[in-house]
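Here is what each chain is made of, one letter per residue.
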Amino acid sequence: MRYKTLLLSLPFILGVASANAADDVKRVPVKGFPISESVEINASSSLIFLSGKVPSKITKDAPEGVLASYGNTEAQTINVLKQIQATLADMDLTMNDVVKMQVFLVGGDETKGTMDFAGFMAGYNKFYETEKITNLPARSTFQVAKLANPAWRVEIEVTAVRPAKK
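In this text the structure is predicted, and so the values were computed from the model without any measurement. Sequence order as written defines the numbering, with residues in each chain counted from 1. The predicted origin of the model limits local features to residues at a pLDDT of at least 70 and limits the giving and counting of side-chain atom pairs to 80 or more, whereas totals for whole chains, interfaces and linings rest on all residues. Values reported for side chains reflect all heavy atoms of the structure, with hydrogen atoms and water molecules removed beforehand.

## Regarding the pairing of strand β1 (residues 25-30)
Successive side chains on a regular strand alternate, one facing one side of the sheet and the next facing the other. Applicable threshold: The rule for pairing is simple: two strands pair if DSSP sees at least two bridges between them. Put simply, DSSP marks the helices as runs of H or I at least four residues long and the strands as runs of E at least two long, and each gets a number from the N terminus on.
Two elements, β1 and strand β2 (residues 33-41), share six bridges in a ladder whose sense is antiparallel. Its bridge partner lying in β2, R27 is registered against V39. Between β1 and the antiparallel strand that follows it, β2, lie two residues; G32 among them carries a positive phi value of about 80°.

## Here's the deal with the sheet that holds strand β5 (residues 138-144)
Using the following cut-off: Axis definition: a line fitted to C-alpha atoms, over the contacting stretch in the case of helices. Angles run 0 to 180 degrees between N-to-C directions. In this analysis, two residues are considered to be in contact whenever any of their non-hydrogen atoms come within 4.5 Å of each other.
Taken in spatial order, the four strands line up as β3-β6-β4-β5 in an open sheet, and their pairing is mixed. Two strands bound the open sheet, and with one partner strand each, they are β3 (46-53) and β5. Across this sheet, the average inter-strand angle for adjacent strands is 10°, counted without regard to direction. Sheet analysis places strand β4 (residues 98-106) next to strand β6 (residues 154-162), joined by seven bridges and oriented antiparallel. Looking at β6, one finds that V98 is bridged to A160. Docked against the sheet, helix α3 (residues 117-124) engages β4, β5 and β6, running at close to 145° with respect to β5.

## Re the nonpolar core
What counts, and what does not: Each nonpolar core is a collection of buried residues, namely Ala, Val, Leu, Ile, Met, Phe, Trp, Tyr and Cys, held together in the definition by side-chain atoms within 4.5 Å. Exposure classes here rest on a 1.4 Å probe applied to the protein chains alone. A residue is buried below 20% of its type maximum, exposed above 50%, and partly exposed in between.
Among the nonpolar cores identified, the biggest contains 25 residues, and L81, I84, L88, M101, Y124, Y128 and I156 are the most heavily contacted of them. Elements with a contribution of two residues or more to this core: β3, α2 (73-90), β4, α3 and β6. The element best represented in this core is α2, accounting for five residues. With residues near it in sequence (within four places) discarded, L88 still touches L50, L93, T94, M95, V98 and A160. Listed in part, the six residues of the second largest apolar core include V54, V106, L147 and A151.

## Remarks on the environment of F142
By the element assignment, F142 lies in strand β5. As a C-alpha pair, F142 and L105 span 37 residues in sequence and 6.1 Å in three-dimensional space.

## Topic: the packing of α2 against α3
Worth spelling out the cut-off: Roughly parallel covers angles under 35 degrees, roughly antiparallel covers those over 145, roughly perpendicular covers 65 to 115, and oblique covers all other angles. For any helix crossing, the convention is left-handed if the near helix is rotated counterclockwise from the far helix by under a right angle, and right-handed if that rotation is clockwise.
Between α2 and α3, the shortest axis-to-axis distance is 7 Å and the interhelical angle comes to 40°. With respect to their mutual orientation, α2 and α3 come out oblique. Where α2 crosses over α3, the handedness of that crossing is right-handed. Counting all contacts with α2, which are made through T73, E74, T77, I78 and L81, the residues of α3 involved are G119, F120, A122, G123 and Y124.

## Quick notes on the pattern of salt bridges
Using the following cut-off: Between Lys or Arg on one side and Asp or Glu on the other, a salt bridge is scored when a side-chain nitrogen of the former is within 4 Å of a carboxyl oxygen of the latter.
A complete count under the given rule lists three salt bridges for this structure. Residues K57 and E64 are paired through a salt bridge, measuring 3.1 Å at the closest nitrogen-oxygen approach. The exposure class assigned to K57 is partly exposed, which follows from its relative accessible area of 26%. With a shortest N-O distance of 3.4 Å, E74 and K126 are connected by a salt bridge. Here E74 is found in helix α2, whereas its partner K126 is found in the loop between α3 and β5, with 52 residues between them in sequence.

Rendered as structure tokens:
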């Protein structure tokens, strides 16, 4: 019986709703920075969790495990966000439907081991600029020691919402 109650409560605990309907999603922007401080989601739609996306090679025949085969942090960020955009489009969603983003950045030899946050932001701002988009996701950005490929500098996972059918 407890499990049934928990399962019935999950939509309310997780807060599922529509990113496209203004009444279903409320965002509190961070002034002067392209993220939301918080995103409140009504319990009328479904959450979509996209697994982490990593950069693809600039050219298919480029060598594996070499930074030049994937580009710098900015290029990798753009590559990954385009992949996310395409996955969302296949689901009839857009980047405006993203409510939460988790970003994992690796610092390489080219940045003396420190993540290239400026490079990430340069790529990110091509998709989320406060002047152009008001549906900004809540976001966390972490420096991690390594990703599966030594040339990857960026991995991004997102949570989006599918608007409720009315």
